[in-house]
Amino acid sequence: MTNLPMHIGIIMDGNGRWATKRGLPRNLGHKQGIKAIEKTVIACKKFNIKYCTFFAFSTENWKRSKEEIDGIFNLLREYLRKEDNVFLKHKIKVASIGTLEKFPKDLQDALYEIKEKTKNFNDTCAIFALNYGGRDDIVRAVNKLIQKGYNKIDEELLLKNLDTQDIPQPDLVIRTSGEMRISNFLLYQMAYSELYFPKVYWPDFNERYLKKCLDIYQKRNRRFGGLN
Ligand code: IPE
Ligand code: IPE
Ligand code: MG
């Protein structure tokens, strides 16, 4: 395939509705959502996508019940610790953006371990946005620069000090579940991303849906403010 996105950002939405529609507790939707991440990661590698960022927990998601939040953390921890997890099995590098201090220590450890174990893989990188907010990212970058002594900055410098650092800006941002908003995802980095809002709830997402997203992306005409 030619003209592929180098970096895809995914706002994984609809886990709760997927479960509620089936009369199941919301956390079963999150559980199924993890399986969709697994399928998507494998498909990204197959389609030669270099970076895929998964919005897994926003700076606003702390507003949810303790039960739901703990459920999400338990699922993530359990999953990252699995011996035969998708990242080791398929040689996928794991990275994260967002601040992790507010997460339980054992979840932070599990994440650190998987990052270490996968750091030398370089085909596909799965980036997890955890306690991530686009505004928080920008504010932390500015504070970092103030601390470094800058009193004047430019766009390039700001970009390099965001959590994404050297990762290219997303070419394509997908939000599942039919909601058409950004919900504080990669705000600065998304300035020129192509956007696509498939109706499918995240737990049902798979290789076939990703292929559809790629087909749609390939038909877009990216002009970046120019003409053609
Ligand atoms: C997205 O699914 C997952 C997270 C935000 C963690 P939701 O939990 O937002 O699902 P809906 O939007 O309630 O269906
Ligand atoms: C966005 O989904 C955050 C993640 C997918 C992690 P939300 O379900 O939290 O967004 P809103 O509240 O509908 O905007
Ligand atoms: Mg939602």
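For the structure, check the block above.
Residues numbered from 1 in each chain as written. Chains lettered and ligands numbered in written order. Predicted model: local features only at pLDDT ≥ 70, side-chain atom pairs only at ≥ 80, totals over all residues. Heavy atoms only, no water.

**Q** I tried to follow the pairing of strand E3 (residues 92-97) on my own but got confused; where do I start?
**A** The side chains of a regular strand alternate between both faces of the sheet. Along E3, five of the six residues are buried, which leaves the element largely enclosed by surrounding structure. Relative to strand E4 (residues 124-132), E3 runs parallel, the two being bridged by six bridges. What sits directly across from Ile92, in E4, is Thr124. Each parallel crossover has a hand, and the one from E3 via helix H5 (residues 105-118) to E4 is left-handed. (Buried < 20%, exposed > 50% of the residue type's maximum accessible area, 1.4 Å probe, protein only. Helix = DSSP H or I, 4+ residues; strand = E, 2+ residues; numbered from the N terminus. Pairing = 2+ DSSP bridges. Right-handed = clockwise from strand over helix to strand, strands pointing away.)

**Q** What should I look at first to understand the site of ligand 2 in this one?
**A** Lining the immediate environment of ligand 2, one finds Ile11, Met12, Asp13, Phe55, Ala56, Phe57, Ser58, Asn61, Arg64, Arg175, Arg181 and Ser183. Protein coverage of the free-state accessible area of ligand 2, which is 390 Å², stands at 77%. For the shell around ligand 2, the element with the highest residue contribution is strand E2 (residues 51-58), accounting for four residues. Class assignment for the residues of the shell around ligand 2 results in five nonpolar, three polar and four charged. (Near = heavy atom within 4 Å. Areas by Shrake-Rupley, 256 points an atom, 1.4 Å probe, with all protein chains shown as cover. Nonpolar A, V, L, I, M, F, W, Y, C, P; charged D, E, K, R; others polar.)

**Q** When you look at the pattern of salt bridges in this model, what are you seeing that I'm missing?
**A** For the structure shown, the criterion picks out 20 salt bridges. In this structure, Glu179 and Arg17 form a salt bridge, with 3.2 Å as the shortest nitrogen-oxygen distance. Here Glu179 is found in the loop between strand E5 (172-175) and strand E6 (194-196), whereas its partner Arg17 is found in helix H1 (residues 15-21), with 162 residues between them in sequence. Here Lys46 ties to Glu207 by a salt bridge, and the two come within 2.8 Å at their closest N and O atoms. Of this pair, Lys46 sits in helix H2 (residues 26-46) while Glu207 sits in helix H8 (residues 207-219); the two residues are 161 residues apart in sequence, bridging distant segments of the chain. (Salt bridge = Lys/Arg side-chain N within 4 Å of Asp/Glu carboxyl O.)

**Q** Would you take a moment to explain unusual backbone geometry for this structure?
**A** Trans peptide bonds make up the majority, and among non-glycine residues the majority have a negative phi. Even without glycine at this site, Asn131 takes up a positive phi of about 45°. By the secondary structure assignment, Asn131 is in strand E4. Located in the positive-phi region is Gln165, a residue other than glycine, with phi close to 45°. Note on placement: Gln165 falls in the loop between helix H7 (155-160) and E5.

**Q** Hey, could you run me through H8 in this one?
**A** Residues lying three or four places apart along an α-helix face the same way, a consequence of the helix completing one turn every 3.6 residues. Between its first and last C-alpha atoms H8 spans 19 Å; for 13 residues at 1.5 Å apiece the expected length is 18 Å, and the two agree. Buried within H8 we find Leu210, Cys213, Leu214 and Tyr217. An end-on view of H8 places all buried positions within 100° of arc, on one side of the element. Turned more than 90 degrees from where H8 packs its buried face, Arg208 and Lys219 sit exposed. The inward-facing, buried residues of H8 contact strand E1 (7-11), H2, E5 and E6. Two or three places before Arg208, at the start of H8, stands the capping residue Asn206, its side-chain oxygen 3.1 Å from that residue's backbone nitrogen. (Expected span 1.5 Å × (residues − 1). Arc of directions from axis to C-beta. Contact = heavy atoms within 4.5 Å. Polar contact = N/O pair within 3.5 Å; in protein donor to acceptor, adjacent residues only side chain to side chain.)

**Q** Mind showing me how you'd approach the packing of H2 against helix H3 (residues 66-81) here?
**A** A packed helix pair is summarised by two numbers, namely the angle formed by the two axes and the spacing between the axes. Taken N-terminus to C-terminus, the directions of H2 and H3 make an angle of 30°; their axes are 10 Å apart at the nearest point. Judged by the angle between their axes, H2 and H3 are roughly parallel. For the element pair H2 and H3, the recorded crossing hand is right-handed. Side by side, H2 and H3 meet where Arg26, Asn27, His30, Lys31, Ile34 and Glu38 of the first sit next to Glu67, Glu68, Gly71, Ile72, Leu75, Leu76 and Tyr79 of the second. (Axes fitted to C-alpha atoms, helices over the stretch in contact; angles between N-to-C directions. Parallel < 35°, antiparallel > 145°, perpendicular 65-115°, else oblique. Left-handed = near helix turned anticlockwise from the far one by under 90°.)

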